[in-house]
Amino acid sequence: MAEQDESLTAEKALERTPEDKNRAVESSDAEGSEHRSDALVADTDDAGSVPLLADVELSITPAVEEFMVQAAAQNEAAVEAVPEDRGKPRSYISFEHVSKSFGDFHVLKDVSFCVNPGETLCILGRSGVGKSVSLQMLLGFLKVDSGTIRVGGEDITHFSERQLQEVRKKVTMVFQNGALFDSITVGENVAFPLRERKDMEEDQMFQVVRGLLEMVGVAGMENLLPSDLSTGMKRSVAIARALAAQPEAVLYDEPTTMVDPMMAHLLGNLIQRLKQQLHLTSIVVTHDMRFAKKLADRVVFLHQGEVRFFGTMPEMERSDDPILREFLLLDELVLPA
Ligand SMILES: Nc1ncnc2c1ncn2[C@@H]1O[C@H](COP(=O)(O)OP(=O)(O)OP(=O)(O)O)[C@@H](O)[C@H]1O
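Nothing here was measured: the structure is a model prediction, and the numbers come from that model.

Enquirer: What am I meant to see in the layout of surface pockets here?
Expert: One simple way to see leftover space: roll a probe sized like a water molecule over the atoms. Put simply, the largest pocket is a space of about 840 Å³. Every element with two or more residues in the lining of the largest pocket is listed here: α4 (61–81), α6 (161–170), β8 (171–174), α7 (186–197) and α9 (231–244). It is α6 that contributes the most residues to the lining of the largest pocket, six residues altogether. Partitioning the lining of the largest pocket into residue classes produces 14 nonpolar, six polar and nine charged.

Right, dumping it as structure tokens:
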């Protein structure tokens with residue numbers, strides 16, 4: 001893994017410092033179970049290092065910690081299992097010469113990029129360039145016309161629906177609208193992947209659900225229905241549900257759009273914490289350049305169906321490609337610093 005040397009182990013990352021514990025105690029004394037997520041509104045630069053469990057009530061921390069450490073261990077094992085390619089570790093996800101058309105409209109033309117284990121890739125580009133189509137092909141909801149898509153070293157391009165269902169357990173998507181089940185409570189939505197495992201006691205499941213909701217900043221909402229929540233809260237719950245599935249990779253489709261700036265900031269900080277502390281492999285489709293700068297190890301910029309740029313954000317910012325310069329300039333005009 002590229003970042004392994006400097007990475008914290010999952011256990012270390014999830015550890016609570018004495019200050020965190022005090023804060024949780026003060027918070028729970030003062031506000032009962034509805035403790036405000038001060039960690040999530042921390043200064044942006046520091047937000048990624050605030051321990052993920054800092055907001056989880058002390059009494060349920062062990063259950064959540066055990067669950068997250070188990071998830072991280074499975075993730076590391078899955079990464080180890082990815083076969084090497086000529087002596088080099090293989091990417092966790094790769095698109096190799098992928099093309100896709102709808103009728104005469106060529107959405108993607110010979111597109112190649114990859115995501116290493118534990119890396120966050122941001123897919124950038126103007127509206128309609130095929131960012132969401134790429135995610136849908138990765139999950140097998142759309143078929144490629146030509147080319148190869150690999151997940152965990154396996155060529156999934158021609159997988160059957162049954163095989164794709166297994167891929168979707170490893171790679172989960174956080175949809176813009178959350179894609180929650182409307183008729184069941186928030187808690188049951190998050191419990192859904194836990195029930196499917198069939199190896200958890202009801203009590204343990206309840207604690208993990210509560211802890212995950214506290215972790216993503218929507219504490220105490222387990223008995224509400226999704227329709228009671230704002231768009232941003234639904235997205236937070238969708239992230240909690242994605243984590244409940246103990247995925248190897250998470251795909252985020254426009255996580256900060258259609259929410260107010262404060263919620264976008266909270267979601268951004270949360271995703272940054274997951275990236276830095278759990279080292280989940282992630283792909284983030286976004287228009288939000290500040291968000292991409294904060295999160296991306298590498299970016300792929302799509303333009304007129306082709307990969308115009310694939311590299312790090314600083315490399316993109318240094319590029320003298322006029323198309324990239326125009327995109328960056330427009331972003332500065334739309335989003336003044
Ligand atoms: N199932 C489909 N059938 C026909 N055309 C489709 C289908 N899905 C997507 N498209 C078209 O493919 C193009 C790329 O769509 P996509 O949703 O990937 O864009 P995007 O880059 O994610 O844009 P945005 O940022 O606006 O969401 C669009 O022109 C869209 O209309």
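What follows continues from the structure just given.
Enquirer: Would you explain empty space enclosed by the protein in this entry?
Expert: This structure, assessed with the given rule, holds three cavities of 30 Å³ or more. Within this model, the largest cavity holds a volume of roughly 70 Å³. M68, A71, A72, N75, L243, Q246, P247, L278 and L280 together form the lining of the largest cavity. For the lining of the largest cavity, the element with the most residues is α4, which contributes four residues. The class makeup of the residues in the lining of the largest cavity is seven nonpolar, two polar and no charged. One number sums up the size of the second largest cavity: a volume of about 60 Å³. In this structure, the second largest cavity is lined by M137, G140, L142, K143, V144, I149, I156, T157 and L164. Broken down by class, the residue content of the lining of the second largest cavity amounts to six nonpolar, two polar and one charged.

Enquirer: Mind showing me how you'd approach the sheet that holds strand β4 (residues 105–115) here?
Expert: Strand pairs in the sheet, formed through backbone hydrogen bonds, run parallel or antiparallel to each other. Pairing is antiparallel across the open sheet formed by four strands, whose spatial order is β4-β3-β6-β7. Across the chains shown, the open sheet's two edge strands, defined by having one partner strand only, are β4 and β7 (154–155). Where strand β3 (residues 93–102) and β4 come together, seven bridges link them in antiparallel fashion. Considered in β4, the bridge of S101 is made with H106. Running at roughly 115° to β3, helix α5 (residues 131–138) makes contact with β3, β4 and β6 (146–151) of the sheet.

Criteria and cut-off values
Residues numbered from 1 in each chain as written. Predicted model: local features only at pLDDT ≥ 70, side-chain atom pairs only at ≥ 80, totals over all residues. Heavy atoms only, no water. 1 Å grid on protein atoms, 1.4 Å probe; cavity = no way out; pocket = protein on both sides within 12 Å on 5 of 7 lines; lining within 4 Å. Points joined across faces, edges and corners; volume = space filled by probe spheres on them. Helix = DSSP H or I, 4+ residues; strand = E, 2+ residues; numbered from the N terminus. Nonpolar A, V, L, I, M, F, W, Y, C, P; charged D, E, K, R; others polar. Pairing = 2+ DSSP bridges. Contact = heavy atoms within 4.5 Å. Axes fitted to C-alpha atoms, helices over the stretch in contact; angles between N-to-C directions.

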